[in-house]
Amino acid sequence: MSYELIGLLAGLGAVVGVLAGLLGIGGGLLVVPALLFLLPKAGIPQEFAMQMALATSLSTIIVTSGSSAINHLKLGNVEVFVVKWLMPGVVVGGFLGSFVADVIPAQYLPKVFGVIVLVLALQMLLSIRSTSQKAMPGSAKTILCGGGIGLVSSLAGIGGGSLSVPFLNHHGVEMRKAVGSSSVCGFVIAISGMLGFIWHGSSVDDLPAFSLGYVYLPALVAISCTSVLTTRVGAKLATQLPTPVLKKFFAVFLMFIAATMLL
């Protein structure tokens, strides 16, 4: 890897860290497209680029979401009930996502997820002026919802914040706590999804040097070194910004990502 490429990955990590703390996302929505562009420049064969982008993205999310979750725990932004009942579902769903990704043609995944993200963004915008509060569903339904969040997130190489934050906010969880709880869930999704990609990649021949299954370690290190330093900035912003502002920022961000994936 050239110094220029390492610098680009480190800069990407810095941006991802802020977004992880601010929006409760692991940054995969940025990391996956960026790695699809950058990995071939590091000599990664195109046939492995998508799988390695997904796996490496999930690996970086372990660092960014873990760091973000710690910061939000210190700030009191984590809802215990949410973490307790979403966790079993996101673990199973995250692991299953790596299996499904091995079967479904990769070119269809961004468009499917783009539609989902667009719907969530519209829902978030409509809820800005809404004062109605819906209670969280029961434990069994919450676990099932967690499974769906984990599955889709692993398929897209993300930590699930784009799904879990709107879901939690729609069910009455205050925005800051939705972001903080999403960081904890994203950490777990990333671990289970990454382990699945490592397992699948371990049986593939001719992977590049410094690969752990489908995880490309040099990119992981370059992104993680800066992202872990900037998550605290995003977490503080999430605490200071008014909830309507945070909702608008999040919805606009989702629409941008949805348009990118669909086009």
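Residues numbered from 1 in each chain as written. Predicted model: local features only at pLDDT ≥ 70, side-chain atom pairs only at ≥ 80, totals over all residues. Heavy atoms only, no water.

As recorded in an unreviewed UniProt entry, the protein goes by Probable membrane transporter protein and comes from Vibrio toranzoniae.

Draft legend 1. Broad picture of the overall build of the protein. Along the protein, the regular secondary structure elements total ten helices and two strands. Start at the N end of the protein and walk to the C end: the helices and strands fall as α-α-α-α-α-α-α-α-β-β-α-α. Against the globule reference of 18 Å for 263 residues, the protein gives a C-alpha radius of gyration of 17 Å, in line with a compact fold. At a minimum sequence separation of 6, the contacts of the protein that also span at least 24 residues come to 83%. Within the structure as shown, the protein displays about 11,300 Å² of accessible surface, and the carbon and sulfur contribution to it stands at 71%. (Helix = DSSP H or I, 4+ residues; strand = E, 2+ residues; numbered from the N terminus. Rg over C-alpha atoms; globule rule 2.2 N^0.38 Å. Contact = heavy atoms within 4.5 Å. Areas by Shrake-Rupley, 256 points an atom, 1.4 Å probe, with all protein chains shown as cover.)

Draft legend 2. Here's a closer look at unusual backbone geometry. We note that Asp 206 has phi near 65 degrees; this positive angle belongs to a residue other than glycine. Note that Asp 206 resides in the loop between α8 (175-201) and β1 (211-212). Residue Phe 210 is not a glycine yet carries a positive backbone phi of 65 degrees. Along the chain, Phe 210 falls in the loop between α8 and β1. For Phe 210, a relative accessible area of 63% gives the class exposed. (Buried < 20%, exposed > 50% of the residue type's maximum accessible area, 1.4 Å probe, protein only.)

Draft legend 3. Representation of the UniProt feature "transmembrane region" (unreviewed entry) in the protein within the structure. Residues given the UniProt feature "transmembrane region" (unreviewed entry) here are residues 6-39, 51-70, 82-101, 108-128, 148-168, 180-201, 213-233 and 245-262. Secondary structure across residues 51-70 divides into 100% helix and 0% strand, with the first and last C-alpha atoms of the span separated by 29 Å. Between the end C-alpha atoms of residues 148-168 there is a gap of 14 Å, over a span that is 81% helix and 0% strand. (UniProt positions renumbered as here; feature names shortened; annotations may be inferred.)

Draft legend 4. Highlighting the packing of aromatic side chains. Applying the stated rule across the entire model yields three aromatic pairs. Between the aromatic rings of Phe 99 and Trp 199, the centroid separation amounts to 5.5 Å while the plane-to-plane angle is 80 degrees, which identifies the pairing as edge-to-face. Of this pair, Phe 99 sits in helix α4 (residues 80-101) while Trp 199 sits in helix α8, and the two are 100 residues apart along the sequence. For Trp 199, a relative accessible area of 52% translates into the label exposed. Three or more aromatic residues link up through ring pairs in this structure, and these residues are Phe 95, Phe 99 and Trp 199. (Phe/Tyr/Trp six-rings, centres within 6.5 Å; stacked < 30°, edge-to-face > 60°.)

Draft legend 5. Seen up close, the nonpolar core. One finds Leu 9, Leu 35, Leu 39, Met 52, Phe 197 and Tyr 214 to be the most contacted residues of the largest nonpolar core, which totals 34 residues. Among the elements of the structure, α1 (3-23), α2 (28-38), α3 (46-74), α8, β2 (215-216) and α9 (217-240) are those that each provide at least two residues to this core. In terms of residue count, α3 provides more of this core than any other element does, nine residues in total. Once residues lying within four places of it in the same chain are set aside, the contact partners of Leu 9 are Met 1, Leu 35, Leu 38, Ala 219, Ala 222 and Ile 223. Counting 30 residues, the second largest nonpolar core, distinct from the first, contains Leu 86, Val 117, Ile 149 and Ile 189. (Core = buried A, V, L, I, M, F, W, Y, C linked by side-chain atoms within 4.5 Å.)

Draft legend 6. Structural context of a nonpolar patch on the surface. On the surface, a cluster of nonpolar side chains totalling about 620 Å² of accessible area is made up of Val 115, Leu 118, Val 119, Leu 122, Leu 125, Leu 262 and Leu 263. At five residues, helix α5 (residues 109-126) tops the list of elements feeding residues into the nonpolar patch. The topology assignment puts Val 119 in helix α5. (Patch = residues over 30% accessible without salt bridge, like charges linked within 9 Å, V, L, I, M, F, W, Y side chains within 5 Å. Salt bridge = Lys/Arg side-chain N within 4 Å of Asp/Glu carboxyl O.)

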